[in-house]
Structure formats: structure tokens, C-alpha cells
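# Overview (structure and organization)
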Amino acid sequence: MHDFHYVGNKLNCELVSVESLVKKFGTPLYVYSQHTLSDHFQKLDQALAPLDHLICYAMKANSNAAVMRTLSNLGGGFDVVSEGELRRVIAAGGDPRKCVFAGVGKTEQEIEFALRKGIYSFNVESEAELLRINKVAGRLNKKAPIAIRVNPNVDAGTHAKITTGTYENKFGIAFEQVEGVYARASKLKNLRLRGIQMHIGSQLTQVQPFELAVKKVLPLVTKLAKKYKFEFFSIGGGLGIVYNPALESGDSAWWKSASAKPILTPARYAETLVPMLQPLGLRILIEPGRFIVGNAGILVTRVEYVKRTGKKNFVIVDAAMNDLIRPAFYDSYHQIVPLTRNSSKATVSSDVVGPICESGDYFAKDRPLPKVGEGDFLALLSAGAYGFVMASNYNSRGTAAEILVNKNQAALVRPRQPVEEIWATESIPAWLKK
Ligand SMILES: *Cc1c(COP(=O)(O)O)cnc(C)c1O
């Protein structure tokens, strides 16, 4: 389900050899496949075809303008979580009228900007936010379209840092309180109750949590939709992807061509949910992020040193946790493959680490990898989601370059950041200057 595969012994992205990109653009380098992006979008789009639906791509997963344009060209809308993201939608040529605005901390300024741009809906996370949206809309003499985010209190069974649908976390309004909140919202003059929303978590690899959550909220949605003439029901994002194909297939052979595919296929997702949702007669929104971009991107890095200590074989690479923080932040797994594979099946148990002065700066621990040496290149797969967007300048490292590949074409869609830019806006107060 993605377009990174070996041609002969060279890793390709679609029809482009990744090594040719590295020669031209250096490392660390993010490479995205346009075909994978479109394919994932279209598979979801087709699976939901029986429903009036809108895919609002959760752009926090990857907000590069070229990625966004790929998806808006296919008719996609966006799930935004800040004014900055909404401005990015506009800059990338997306349609604000296909945007939903999520997040627990929307400021007055953000609400005003989104109202002026005519977004589709605010996904509201608290009663205080409702009051604030009503107030700002009144000031602008507008009616703000809103949906309340219902927290269905079901455990998505995913990593604690990405579970959002239980009362243990900060998101949404408790299931039991939602009806009362809508009743009060209906009395606020500057609101239009356009729909209802939920999002239970991320990297869900089974359909059951979605099924449970939808089943739980359906009677409420039916009742409220009738009462307030809702237009839509958003079931959120969260579809997971395969990060470790070896675990899925029981095959730990690293040299097999990369084959990560979604476990929770769009077909399986739709087969369960479409029949439940269809009778509502509402427009259904989904907000997938990771599913669309996760396996559409890789991070390419150069081996700088191989260091053997008494116990370990450290492969020290030029990418670091500032480029891809997922292993440090979520203990996540990324498949690591060489750009040039050799025929030997011998592996060395290795720790792949970056140059940053933190023990958390690693990409893999005790991973069987082919023997590599200085100057070899490795690709960290499934790095398209929550990769570049979480990059920082820690250790005064500039952010990596990003490339979009389309068949045999490749474009630099964001250049490597010159390090001077990192401190360009800093200044030294006069009293320190002598
Ligand atoms: C992060 C987020 C998403 C997307 O999650 P994925 O797991 O990347 O699909 C969707 N909706 C909301 C409200 C989110 O916060």
C-alpha cells in the first residue's frame, strides 16, 4: 500500500531512485510519494461512497503545502487545530469552507479569523468555548457553525499519549452532558448547531473501538439531529497503519521489500460503519491524518559512524530526534531499510542513534540490521505522519529538506533550513553589549 520498494537492489520512491535524491539534496531528507497519498485518500473516498461524506484531512499529521495541495486537488477538506493551520490551508490553495476547527484551547483571535474565513464548523470541546464562540460571532454579526465533540468514554486501546476518547483525557464533552449542552447552545443567538463530532484516538488498528463508539452515540446523534436539524456527524480520524510488517506477518526478515499496509483497511472500516451510519441520513465527516500520510513518507539518513562498545553496535546517523521524535516520544517503531540492499542475509543487532546529546535520541534498539558502514544510507519508513511537523531546532540543527515524488518527477517542496535562520530573529539587549 505504498510506493517505496526495491528495483534491483535500490530503494525507489515510485519511479525515482531515492539515492539519486540523496545525491542531489543531501540528508536528512524526507521523501513523500504523491501516488501513495492519493491512493490512500481515494481508497477511503471510495469506501465511503455510499454516504454523503467529506474527508477532512487532519493536517497536523503533515502540513507541507505540496501534501495539502495533493489532497485538496482530490476534493479533500481539512481538520485544523490552530489559526496557523487555517492560514496554511489558504496558502496551499485549500478551501476554508471545507475546514473543521478542533482543539481545546481556541483563542478569541483564532475564532474570529476562522469565522471571517467561513469555515464549515467549529468542533467545540467545552461549554466555555461555546460561550466564547457565541460572543465573537455576535461581535462580527455572524452565526457560527458548531458541533460539540462528544467524548464517548470508550477506550481505543492505543498508546496513552494518543488516546482521546475516555474521561481520563482533556478532550470533548462527557457523553452524559452533551444533550444538556446542546440545549443551552440552542439558546445562544449567534450559533448554528450544524452537527456533532467525536474522535477517540490515534493509531487504531482494529475496527471494534470505532464500532463501539458509534454504537454508543448513535441514539443520541439520532435524537439531537432531529431536534436541531443537524447536517453532519464527524466520526473523527484515528485509522492506524502498519509500522512493523514483520510483526504482522510473523516474518522478521528485514531484506524483504517494504510492504507496510493498513491492517484496518478502508474496506473493513466502511463495511462495519457505513451500514450503521447510513440510516442517519446525515453527511458523514472523517478526519484521518496518519492513515493518509503515514506510509507515504520516509526519512533518509546517512550513516556517520559505526561504534562498537562492549555490549552494543551503535549505528550513528545524521538524522536525529529533532527530525523525527516519534521513537523518543511514543516508543514508536519505524522499519529501517538500506537504500542499497545487498544479497547477504547476515544481520547485526544494532542501535540506530542520532547525534543529539540525549539518550532518548534513538530510532531503533537491538534491531537486526544488515551490516552498514560510514557513508551508507538508511531509510526510516512510515515517517510521513507526525514526522517533519514535530521537528525542532534542538541542538541548533536546521530542519530537514522535503521532497515530493510523482512518478518519475521529484520536486524539492521545502529546502533544508540554513542554520543562520534558526537565530536570525534573536537579539542581544543593549545592556549586554559593551
Ligand atoms: C489528531 C486528530 C485527528 C487525526 O488523527 P490520526 O490518528 O492522525 O488520524 C483527527 N481528529 C482530531 C480531532 C485530532 O485531534
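Below is a summary of the structure that appears in this document. (Residues numbered from 1 in each chain as written. Predicted model: local features only at pLDDT ≥ 70, side-chain atom pairs only at ≥ 80, totals over all residues. Heavy atoms only, no water.)

## Some remarks on the pattern of salt bridges
- One pass over the structure, following the stated rule, counts 21 salt bridges.
- The salt bridge involving Asp95 is made with Arg97; its shortest N-O contact spans 3.1 Å.
- Accessibility expressed as a relative area gives 24% for Asp95, which makes it partly exposed.
- According to the relative accessible area criterion, Arg97 is exposed, its value standing at 57%.
- Note that Arg397 and Asp323 form a salt bridge whose closest N and O atoms lie 2.9 Å from each other. Here the residue Arg397 occupies a position in the loop between β19 (377-380) and β20 (401-406), and Asp323 occupies one in the loop between β15 (313-317) and α12 (326-330), the gap between them amounting to 74 residues. In this structure, Arg397 and Asp323 share a single accessibility class: buried. (Salt bridge = Lys/Arg side-chain N within 4 Å of Asp/Glu carboxyl O. Buried < 20%, exposed > 50% of the residue type's maximum accessible area, 1.4 Å probe, protein only. Helix = DSSP H or I, 4+ residues; strand = E, 2+ residues; numbered from the N terminus.)

## Structural notes on helix α6 (residues 127-140)
- The terminal C-alpha atoms of α6 lie 20 Å apart, and with 14 residues this matches the ideal 20 Å at 1.5 Å per residue to within 8%.
- Summarising the contacts, the buried residues of α6 are in contact with α5 (108-117), β8 (121-124), β9 (144-151), α7 (178-185) and β11 (191-197).
- Downstream of α6 by one or two residues, Asn141 has phi in the positive range, about 60 degrees. (Expected span 1.5 Å × (residues − 1). Contact = heavy atoms within 4.5 Å.)

## Side note on the site of the ligand
- Around the ligand, the surrounding shell holds 15 residues, and the nearest of these are Lys60, Ser202, Glu287, Arg290 and Tyr386.
- One nitrogen or oxygen atom from the main chain of Gly289 is found 2.9 Å from an oxygen atom belonging to the ligand.
- Contact distances for the ligand include 2.6 Å between an oxygen atom and a side-chain N or O atom of Tyr386.
- Burial of the ligand by the protein amounts to 94% of the accessible area it has alone, namely 390 Å². (Near = heavy atom within 4 Å. Polar contact = N/O pair within 3.5 Å; in protein donor to acceptor, adjacent residues only side chain to side chain. Areas by Shrake-Rupley, 256 points an atom, 1.4 Å probe, with all protein chains shown as cover.)

## Some details on the nonpolar core
- In this structure, Phe122, Phe233, Ile235 and Ile292 are the most contacted members of the largest nonpolar core, which totals 106 residues.
- The element that contributes the greatest number of residues to this core is helix α8 (residues 208-228), accounting for 10 residues.
- Each of two domains, domain 1 (103-286) and domain 2 (295-423), supplies a minimum of three residues to this core.
- Contacts of Phe122, omitting those with residues within four sequence positions, involve Phe101, Lys106, Ile111, Ala114, Leu115, Ile133, Ala144, Pro145, Ile146 and Ala147.
- Counting 20 residues, the second-largest nonpolar core is a separate cluster that includes Cys13, Val337, Leu339 and Val405. (Core = buried A, V, L, I, M, F, W, Y, C linked by side-chain atoms within 4.5 Å. Domains from an automatic or database assignment.)

## Some remarks on the side chain of His2
- With respect to the helices and strands, the residue His2 is situated in the segment before β1 (4-7).
- His2 sits in the buried class, given a relative accessible area of 14%.
- A distance of 3.1 Å separates a polar atom in the side chain of His2 from the backbone nitrogen of Phe4.

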